[in-house]
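# What the coordinates show
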Amino acid sequence: MKTQQTPGSVRRMPLIAAATGATPSRRPIWFMRQAGRSLPEYRAIRADRGMLESCFDADLLAEITLQPVRRHGVDAAILFSDIVVPLRAAGIDLDIVAGTGPVIASPVRDRGAVEAIPRLIPGEVGSIATGIGTILGELPEDTALIGFAGAPFTLASYLVEGGPSRTYERTKALMHGDPQIWERLLAALADITITFLRVQLDAGVHAVQLFDSWAGALSLADYRRFVAPQTRRVLAEVAEYGRPRIHFGVGTGELLHEMGAVGADVVGVDWRIPLDDAARRVGPGKALQGNIDPSILSAPWEVVEAEVRRVLAEGEAAVAAGATGHIVNLGHGVLPSTDPDVLTRIVELVHTA
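Let me begin by describing the structure that accompanies this report. (Residues numbered from 1 in each chain as written. Predicted model: local features only at pLDDT ≥ 70, side-chain atom pairs only at ≥ 80, totals over all residues. Heavy atoms only, no water.)

Our next topic: the overall build of the protein chain. Per the secondary structure count, the protein chain includes 16 helices and 9 strands. Taken against the 2.2 N^0.38 rule, which gives 20 Å for 353 residues, the C-alpha radius of gyration of the protein chain at 19 Å falls within 12% of a compact globule. In terms of its C-alpha atoms, the protein chain occupies a principal-axis envelope of roughly 55 × 45 × 40 Å. Excluding contacts between residues fewer than 6 apart, the proportion of contacts in the protein chain whose partners are at least 24 apart in sequence is 75%. Just so you have it, the protein chain exposes about 13,600 Å², and 50% of that area is on carbon and sulfur atoms. The centroid of the 34 positive side-chain charges in the protein chain is displaced by 3 Å from the centroid of its 41 negative side-chain charges. (Helix = DSSP H or I, 4+ residues; strand = E, 2+ residues; numbered from the N terminus. Rg over C-alpha atoms; globule rule 2.2 N^0.38 Å. Contact = heavy atoms within 4.5 Å. Areas by Shrake-Rupley, 256 points an atom, 1.4 Å probe, with all protein chains shown as cover. Lys, Arg positive; Asp, Glu negative; His and termini not counted. Charge placed at Lys NZ, Arg CZ, Asp CG, Glu CD.)

And the structure:
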């Protein structure tokens, strides 16, 4: 039987140590979208189950969350979920369509629709808390469990656009055209995100990651004015738990300082910017996470190895430049075509480098 995790053992977890400015026993590594995507065991278990159905099934989400830990030996599991799960739990009519992503039945584009957004009741995600308990009973003692939630802007982009977007035209039009309604929209979504994160923290996750996946579509001025205030409120509302808060978005090189300043302990960095440069942009006092290019994992192993070693060296340079730690990850999610054995070899390389 697994040994019960104690506060001292949690602090010794490599990921928690790196996230909090301590010295980890090894460089920690995990992969975004590690639960599934490239794993045959994930595809098998989800063969006849929808994405949202899987996210609300306590036993299934626990099993999927644990699969990459068993296969790869990563230093953290991230809760199997989706950005829109708390929206669905709150009662918003949406679905995740294969090959498309989240699709909203009635997009939110006016005052009436914003005022109709429901609150999330904690009991509506009770199965997720149950699944977390199962995961914690199975995780190795030195492996952290990371909670998961979408940031208000990214949730808003799906609601306003009605689904994924390349331009975020409707989102930006609402943001600039009616700032008061935009603020009410983000405040309502921040409330949902806070509730969802607190349920996970109360259930025992060791850290949380806030995905503002599409914030990179914004200018720095727009991020500061229209997005940062509610993101700051989300991270402030979970600060009392004293657990690391990771903040990540794609294409956010120009926003890195602000993404740390809103209250993150760890700032995720995509592959477009070297980690040591990112450390200078973020400023001292924050750990960094990243930033292997996911596409390179399909290259020959000697290319992958060189890329990983480069990221490790830049991580060391980032710490020298003021970062408090480095958590190895990809710069975005695992691509479905990735050979799982390559991921396992990367973990072994990072742990022994």
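Moving on, we get to helix α15 (residues 301–320). Between its first and last C-alpha, α15 extends 29 Å over 20 residues, near the 28 Å set by a 1.5 Å rise per residue. Burial in α15 covers these residues: V304, E307, V308, V311, L312, E314, G315 and A318. Buried residues of α15, seen end-on, are gathered within an arc of 165° and therefore sit on one face of the element. The exposed residues of α15 that point more than 90 degrees off its buried face are E302, E316 and A320. Where α15 terminates, the next one or two residues include G322, which has phi positive at roughly 125°. (Expected span 1.5 Å × (residues − 1). Buried < 20%, exposed > 50% of the residue type's maximum accessible area, 1.4 Å probe, protein only. Arc of directions from axis to C-beta.)

Reported here for the largest pocket is a volume of approximately 1,200 Å³. Looking at the largest pocket, it is lined by 37 residues, and the ones nearest its centre are R33, R37, M51, S81 and D82. Mapped by element, the contributors of at least two residues to the lining of the largest pocket are α3 (40–45), β2 (94–97) and β3 (101–104). In terms of residue class, the lining of the largest pocket is built from 21 nonpolar, 10 polar and 6 charged. (1 Å grid on protein atoms, 1.4 Å probe; cavity = no way out; pocket = protein on both sides within 12 Å on 5 of 7 lines; lining within 4 Å. Points joined across faces, edges and corners; volume = space filled by probe spheres on them. Nonpolar A, V, L, I, M, F, W, Y, C, P; charged D, E, K, R; others polar.)

Next up on the list: the environment of R281. Within the secondary structure, R281 is located in helix α14 (residues 275–282). Residue class for R281 comes out partly exposed when judged on its relative accessible area of 32%. The spatial distance from the C-alpha of R281 to the C-alpha of G260 is 9.6 Å, given a sequence separation of 21 residues. Once you skip the residues sitting within four places of it in the chain, R281 turns out to touch G253, E254, L256, H257 and I273. Within the local environment of R281, its side chain forms a polar contact with the backbone oxygen of G253, the two atoms lying 3.0 Å apart. (Polar contact = N/O pair within 3.5 Å; in protein donor to acceptor, adjacent residues only side chain to side chain.)

Now for the packing of aromatic side chains. As enumerated under the stated definition, the model contains 4 aromatic pairs in all. Ring geometry for F211 and F248: centres 6.3 Å apart, planes at 80°, overall edge-to-face. On the criterion of sequence distance, the pair formed by F211 in strand β5 (residues 207–211) and F248 in strand β6 (residues 245–248) is long-range, its members being 37 residues apart. Like F248, F211 is buried. Here a set of aromatic residues connected by ring pairs shows up, and it is made of F148, F211 and F248. Sitting above the plane of the W271 ring, R272 keeps its charged end 4.3 Å from the centroid. Taking the ring centre of W301 as reference, the NZ or CZ of R345 above it sits at 4.1 Å. (Phe/Tyr/Trp six-rings, centres within 6.5 Å; stacked < 30°, edge-to-face > 60°. Lys NZ or Arg CZ within 6 Å of the ring centre and 35° of its normal.)

Counting residues in hydrophobic clusters, the biggest one holds 125 residues, and the most contacted among them are L185, L288 and I346. Broken down by element, this core gets its largest block of residues, 13 residues, from helix α11 (residues 179–203). In this structure, L185 is in contact with V108, V114, I117, A156, L159, V160 and L174, ignoring residues within four places of it in sequence. (Core = buried A, V, L, I, M, F, W, Y, C linked by side-chain atoms within 4.5 Å.)

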